[in-house]
Structure formats: structure tokens, C-alpha cells
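Fold and contact review
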Amino acid sequence: MRQSKLNSATLLVALCCYIPLFAQRADFAAAEKYDAPNLAKRTGILKVTPFFLKRSDRFWFAMDERPVAEEDSVASRIDKRSNTYYIVNMPTGKKTELFDKVAINKALQGLTQKPVDSRMISYSPNFSADEQCVTVQYQGKTYDYHYLTKALTVHSLNEKRPSYPLVGVSADGKFELYTRAHDLYMGDAGSKANETQLSTDAEPYRSFCVDEAGTYIKEKAMPSIAKWVNARYFYALRVDKRKVLTMSVISSGFMPRPRVSTYKEELPGDKDVAQFELYVGDAQERKLRKVNIDRWPDQQVEMVPSPGDMQEIFLIRRKRTRDEMELCAVDLKSGNVRIVIQEVSKPFINEDMFNVSIIKAGQEVIWWSDRTGWGQYYRYSGQGELVNRITKGDWTAGKIAAIDTAKGQLYLYAYGKRPNADPYQAYLYKMSLDGRAERLLTPENAMHNVFISPDRKYFVDNHSRIDMNPVTTLSTTNGKRIAEVYKPDLAALYAYGWKHAEPFTVKAKDGVTDLYGLMWKPFNFDPNKKYPVISQVYPGPQIETVWRDFTVLDKYNNTSLAQLGFIVICVGHRGGSPLRNAAYYKYGYGNLRDNAIDDDKHALEQLGSKYTFMDMSKVGMFGHSGGGMMTVAAMCKYPDLYRVGVASSGNHDNRIYHRNWGETYQGFNAKMPLNQDLAKQLKGHLMLVTGEVDENVNPANTYRMVDALIKADKDFDLLVLPGQNHTYEGAAKSYFQKRLRAYFAKYLMDAR
């Protein structure tokens, strides 16, 4: 008997030691503490958006927190936040507050001869025409504050602020373009006298009005889509959607009766899609001419910005198969169309990275192409002759930040150009248009986001990494660092206990391709414990949700979810990002539903083998939109791995999702793989979520999945958010986040 008691006691002690290693309880208090709204209270603006002045070498920017002393308490730091404006002298790098509030308060007392309530003073960076003064308002009066001399004067009604061109008015200020009942009209600027009706066949959805669907009468003038090229010529690209069919959503909470909203929606393989018509107008002759731009059936047409007073305008027309396009020039006088550049890229053109710039008044064209397998820039003559390659190599040339035609220089982002650097980090390079010279302007191992001054002499650089605090610097475009402009005060955030996600690299299923990801852990992480795992997914193909810059409030609130007691990971997949080479980006063509799943599974298996704290017997997945589609497909294809899932607003049936999406990435008239076809394979716990009035991913996507699961006799959960569109807001967003966390806690751990 004594031996039995001893064994029982020993067993009890063993169990007490054993349980914490394997049984986890959801820490809802920690999840709430680090929920996005609470983190937002402890962070201000992390990046600078500079506004460059035109008459001086200065820029101003706004911040929502004031610099405070290091010894200030966390609460004090939070309380001291306010909207503050700064102005920076670029040659010297000197930064000062745009509004000296102490000086302004004193000046107001002198002008009003009364005590001043500083809480009632309003500050506005509304610059005067000479850019020497900004605006201060107090007790209904407006004052001009000279930010250099700190003088404050009553605003003169005769003082002119900068004027901006009126919409629809010609460059010489003589004529104005507008619509009446969708038709295009021209009259004298302002008065609309000497009116001429330029079209007679317009109607809703074949309109010259900016609002193509509105019901308007001729007595009401409305803004038009027409654009002036110079004082004489203008053009209008009219889109005919009259035959495009519709879809609908219903808002059940609309009072007094539920409201049905119906909208035009082109679906993959539709017979009737938008048709494009180009018109060129002549103000002198008061005529509008239709230009023949026909090339392919159901082509899509886009105008290309062409700076300067030119005799031609440029457009791009795209084949419906998305694998061929042409840059065309249209003569304004004759209406003749000529092909400048033709591009073919199989199986589809990378529209996310494609870029074209018309320079030197149409004499030259900068053109992006991945014809070598890597996206690079090429220089063509205005007649379509290849002059030279501007960039070359096994890396991706990204968006153009600025062009200096006078010096023959191009400022662009580069991805994967720096050896041993994350290929998703953007670096700014200065390239010569002849392709003979290049210079790296942002050497820091970080993600860079730059703003270049209008004179191309300076640039402001916001740079950071997921594991490196952000900093904003000012430099010359010759590479000389002038000053550190701004570094956010993150003491309150770190004192609160926040930690950044951890980057990692694994291999794709092919065993060769590098995949990049992030891991969020509980902030009380214990490497000796085992934690359930959740994969937050988005399959692209236009973006991967693996943030490279410093991120506190990530879009999917992964920080909060991890604090329940989960390891949350997010990893990129082949086919997920246009920033890498063509082989990577176009990997998933033809398999829009499944292309990312195997790489996600393989990444999890590698991480699970490496880290013993990951409990691979308890794996979940969640995603929104394309991620919602992927979640359901992954749970059905690999039910023994992915046991719990939350799929919000998923495009489960791509037959009823945008045709640009399906026709580009799945193939024109190709058979769509559907999540409904996999319903019978579901084993785990699945919660489907949809916004009731989602016009991006129509709720029918979710309801069709529901129908398939019912017919397959599967258990599942459904959450419908009334009045919510594709992006959930307000109380619905908070409720969804709580339900998501509770769902994973219930089915992946002991949530008592």
C-alpha cells in the first residue's frame, strides 16, 4: 500500500512536469494587449513624406508625435503626441519646426491685446505664393506666419496663394471641356459661353463623363474624361461597357429596407467585355474625331502620359491573352496611328513591374521588359529603334523614381542586384541612359523608399528592415549624406514589451529556390515548450505578404495571434512575387488555385525539422482574399497537415472573379480549378468568412463553397459580416479578429 501511494505521488509530479511541455493554454490577455489598436497607441508615423518647395531648397513634412526627452516616462511620451510640422533646409540639413508655437502665441497676444488660448490656434502648411509664409488661424481670423523671421501679420485679402490649373481648361485658359448628359461639350472657360456640342451618341456606360454610370440631364454640366495636350488639341479615351453583365450584393442593414447594389463585372471568358474608343479633338475647328485604334478583338487600351507640347499622343493596346502589347503613337492632326514598340512575353506580361516613359518630347522611350528572363530597361528612339540597354544582369529593375533628361540619368529601384542581400529589398541606383554608368545611392542593408527633389539634386530616404528601426536621411544625388532627418521614438513601444518578427530563409519544394519568410513568436517564448503553428498565407501573384521594412501593425495582426501561444509564420512562394525573375513569377501560371500550396507545406516541414518548439501535429492556416482561397485548398489537399483554417473573403470560385485575374494567371478560356471540387476532402475545422457587400470578391464565392460543403456533408463554421466590403472596418474588424483568435485557440490548443 505504501509503495502504491509513492508511485501515485511520483506519477502526479511527473504529470505536472509533463503537461506544460505539451499542453498550451491560450493567453487571451496577451493577445488583447498586443492587438493592433493597442500597439497603434504606442507608435507614431514611422516614415517621412516630404513636400518639396518650388522656390527654395527646402521641404516640409508632418509628424504626429513630438520629440521628447529620454528620461520621460512611457505615459508622458504618449501624452506629448501632437501634430507637428517640420521644415528642412536641404543644403545644410538643418531641421526646424515650421511653426514656432511659443513665438506665435506671443505675437497673437500682441495683436489681440488679450490672453491667448493656445488650444484654439490652428496651424496649416498652406504656403504663400512666395513660399515665405504659412497660415495660422485664431478666433475666426487668418494670419500669415513668416517661418524664417517668425513674424506674424494679419492675412491680406489681396495676397494670392498658388493657383492650380482648373480641371478641363486648356493651357491658354480660353476653352473648357465638360459633359452634359454624358456627351462632350466645349465652351469658353468659366462662363461656358459659345458652347459647342462635340458628341451626340453618349449614354451611361459609354460616356465622356467622369461618372460613367450617372443619370444626368443636359442642363447640368459635369467634369469630363477629356485631357488637353496643348492649347489646341485634346483627347478622350471612352470605354463602352453597355453590354458588360452585372453582379449584385445586398446590404441587409440598410434602412428602411435592405438595399441591392448592382455593378458591372467582367468575368473570365465573357463574350461581352469593355470596348475602347479613342477620340482626338481640335479646339480651333471645334471638332471631335474618332481614331481607328483597332488591332485585336476585346483589346484593352491605356493612355501613356506624354509631357510637353507634343504633336503626338501615346497609348498601349493589349491583347486579351495578356501575352502581347504594343506602344502606339497617334498624330493629333491626322489621327494616324503607328506602332512604336511591340512586346511579346509568354505566358503573360508582367504588368506589375512593366513601365514606359516618354521622354524628350517623344524623341525617346524608356521601356521595361523581362525578355531575357529578368526585368530590365531599354532605350528606344521615338521611331521604335532600339538605341541601347540601360540596365542588364540577373536582377530586377524596379519602378523609376525620377528621370533627369538634361543629364541623361535615370533613378530607379533595383531588386536582387546587391550580392548576398534579400532580393526583395529595394535599393536606389542612378543609371546613365546610355547604360555605361551606374551608382548605388542607398548602401544600407535595408528596404529603401525614396523621394527625389524636383531639381534632382537631393533625395529623402526612408529605410529600415523588419529587424532594424526606421530612419530617414537626406542626401545629394551624388551620394553625399547631408543629415539624418528623422528617427521615430520607439521607446514606448519597446517598453510595452513588443518585439519584431524574425526573418528566415528556406527552400522551395524544388530544393533549389530560396523562399523568404517571417516568424512571430509569443513574447514570453520558451524554447523548451512546444507551440502550435499557424501559417498566414497569400499566394500572390502580384505581391507576397512578407514585409521587408520595419512593421509594427502588419496587415493581418500576426503579432496578436502569436501571443495566444502560437508560432505564426508567413513565407513567400514561387509564383508569388513579380520582383524576382520571370521563372519565379510565372511559375504558377495555369494553376491559380494550387500553385503556392506545396511550397508552403515544404517550408513548414523544413522549419518543423529545424525547430523542436514547433508542434507539427497542430498546424493551422489563415488568409484573406487569395489567402482565403489558398487556405481552403490547402486544408483539402493536405488535411493531415493543415487541421484548422480561417478563410476570409476567399475567391473560391475564380469563374466569378475579375477576368483580368483569371485570364492573366489561369489562361484565356482555361478550365478553372475550383475549391468546391475539393470539398469532399475536408477533414479539419474550417471557418469561412465574408463581407456582405464585398464587390471585390463577391460573397457568392463563399456561398458556393458553403453549398459544396453542405453537399459533401462536412462540418464547418460560417461568419457573415453585415455591411462589410472586402476590407473589414470598425466593430466588424475587431469582432472578426477576436473570432479568428478564439477559433484557433479552441481547435489548436487548450483554450479553457
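A brief look at the structure comes next. Each residue is numbered by its place in its chain's sequence as written, counting from 1. Local features in this predicted model are restricted to residues whose pLDDT is 70 or higher, and side-chain atom pairs enter the listing and the counts only when it is 80 or higher, whereas totals over whole chains, interfaces and linings include all residues. Side-chain calculation: all heavy atoms of the structure are included, whereas hydrogens and water are not.

**Let's talk about the pattern of salt bridges**
To keep things clear, this is the line we draw: One side-chain nitrogen of Lys or Arg within 4 Å of one carboxyl oxygen of Asp or Glu is enough to make a salt bridge. Categorising residues by exposure relies on relative accessible area from a 1.4 Å probe, with only protein chains included: less than 20% of the type maximum marks a residue as buried, more than 50% marks it as exposed, and the intermediate range marks it as partly exposed.
Evaluation of the coordinates by the stated rule reveals 48 salt bridges. In this structure, the salt-bridge partner of Glu326 is Arg317, at a minimum N-O distance of 2.9 Å. No difference in accessibility class separates Glu326 from Arg317, as the two residues are buried. The salt bridge partner of Glu484 is Lys487, with a shortest N-O separation of 3.9 Å. Connected through shared salt-bridge partners, Asp201, Glu203, Arg206, Arg238, Asp240, Arg242 and Glu277 make up one network.

**Some thoughts on the sheet that holds strand β30 (residues 438–440)**
To keep it simple, the criterion reads: Two strands qualify as a pair provided DSSP detects at least 2 bridges between them. Counting from the N terminus, the helices are the DSSP runs of H or I reaching at least four residues and the strands are the DSSP runs of E reaching at least two. To obtain each axis, a line is fitted to C-alpha atoms, and for helices this fit is confined to the stretch in contact; angles are then taken between N-to-C directions over 0 to 180 degrees.
A sheet is described by the order of its strands in space; here 4 strands give the open sequence β27-β28-β29-β30, paired in antiparallel fashion. Every other strand in the sheet has two partners, leaving β27 (396–404) and β30 as the edge strands with one partner each. Across the sheet, the mean angle from the axis of one strand to that of its neighbour is 25 degrees, orientation sign disregarded. Across 6 bridges, the pairing between β27 and strand β28 (residues 409–415) is antiparallel. When the bridges of β28 are listed, Ala402 appears paired with Tyr411.

**Examining the packing of aromatic side chains**
Threshold: Here the aromatic set is Phe, Tyr and Trp, taking the six-membered ring for Trp, and pairing holds for ring centres within 6.5 Å; pairs whose planes are under 30 degrees apart are stacked, those over 60 apart are edge-to-face, and all others are tilted. Lysine NZ or arginine CZ positioned within 6 Å of the ring centre and within 35 degrees of the ring normal marks a charge as sitting over the ring.
Tallied over the entire structure, the rule returns 33 aromatic pairs. With centroids separated by 6.0 Å and ring planes inclined at 65 degrees, the aromatic side chains of Trp60 and Tyr85 adopt a geometry described as edge-to-face. With Trp60 in strand β2 (residues 58–63) and Tyr85 in strand β3 (residues 84–89), the pair connects residues that are 25 residues apart, well separated along the chain. Taking relative accessible area as the criterion, Trp60 reaches 12% and is therefore assigned buried. By way of ring pairs, the aromatic residues Phe51, Trp60, Tyr85, Phe99, Tyr123, Phe127, Tyr145 and Tyr147 are connected into one cluster. Across from the ring centre of Tyr587, 4.1 Å away, lies the NZ or CZ of Arg574, which sits over that ring.

**Some details on the nonpolar core**
Put simply, the rule is: Throughout this description, the term nonpolar core refers to a set of buried Ala, Val, Leu, Ile, Met, Phe, Trp, Tyr and Cys residues connected via side-chain atoms within 4.5 Å. Two residues form a contact once any of their heavy atoms are found within 4.5 Å.
Counting 87 residues, the largest nonpolar core has Leu327, Val356, Ile366, Trp367 and Leu410 as the members making the most contacts within it. Discounting chain neighbours no more than four positions away, the residues touching Leu410 are Ile366, Ile390, Ile400, Ala402, Ile403, Tyr429, Lys430, Met431 and Leu433. Counting 40 residues, the second-largest nonpolar core is a separate cluster that includes Ala31, Ile466, Phe566 and Cys570.

**A word on the sheet that holds strand β40 (residues 642–648)**
Spatial ordering of the open sheet is given by β35-β36-β38-β37-β39-β40-β41-β42, a layout of 8 strands whose pairing is mixed. For this open sheet the edge positions go to β35 (502–507) and β42 (717–721), each flanked by a neighbour on one side alone. Averaged over all adjacent pairs, the angle separating strand axes in this sheet is 20 degrees, with direction ignored. As paired elements, β35 and strand β36 (residues 514–520) share 6 bridges and run antiparallel to each other. The partner of Glu502 across the bridge, within β36, is Met519. On top of the sheet, helix α10 (residues 626–637) reaches β37 (531–537), β39 (614–624), β40 and β41 (685–691); it is set at about 155 degrees to β40, its chief contact. Each of β37, β39, β40, β41 and β42 is contacted by helix α13 (residues 730–748), which is oriented at about 170 degrees to β40, the strand it contacts most.

**Side note on helix α5 (residues 101–112)**
Here is the rule we go by: Multiplying 1.5 Å by the residue count of a helix minus one yields the expected span of that helix. What the arc describes is the spread of directions from the helix axis to the C-beta atoms.
The terminal C-alpha atoms of α5, which comprises 12 residues, lie 16 Å apart, in line with the 16 Å expected from a rise of 1.5 Å per residue. If you check which residues of α5 are buried, you get Ile104, Asn105 and Leu108. The arc that holds every buried residue of α5, seen down its axis, measures 100 degrees, which confines them to one face. Across α5 from its buried face, at more than 90 degrees, point the exposed residues Val102 and Lys106.

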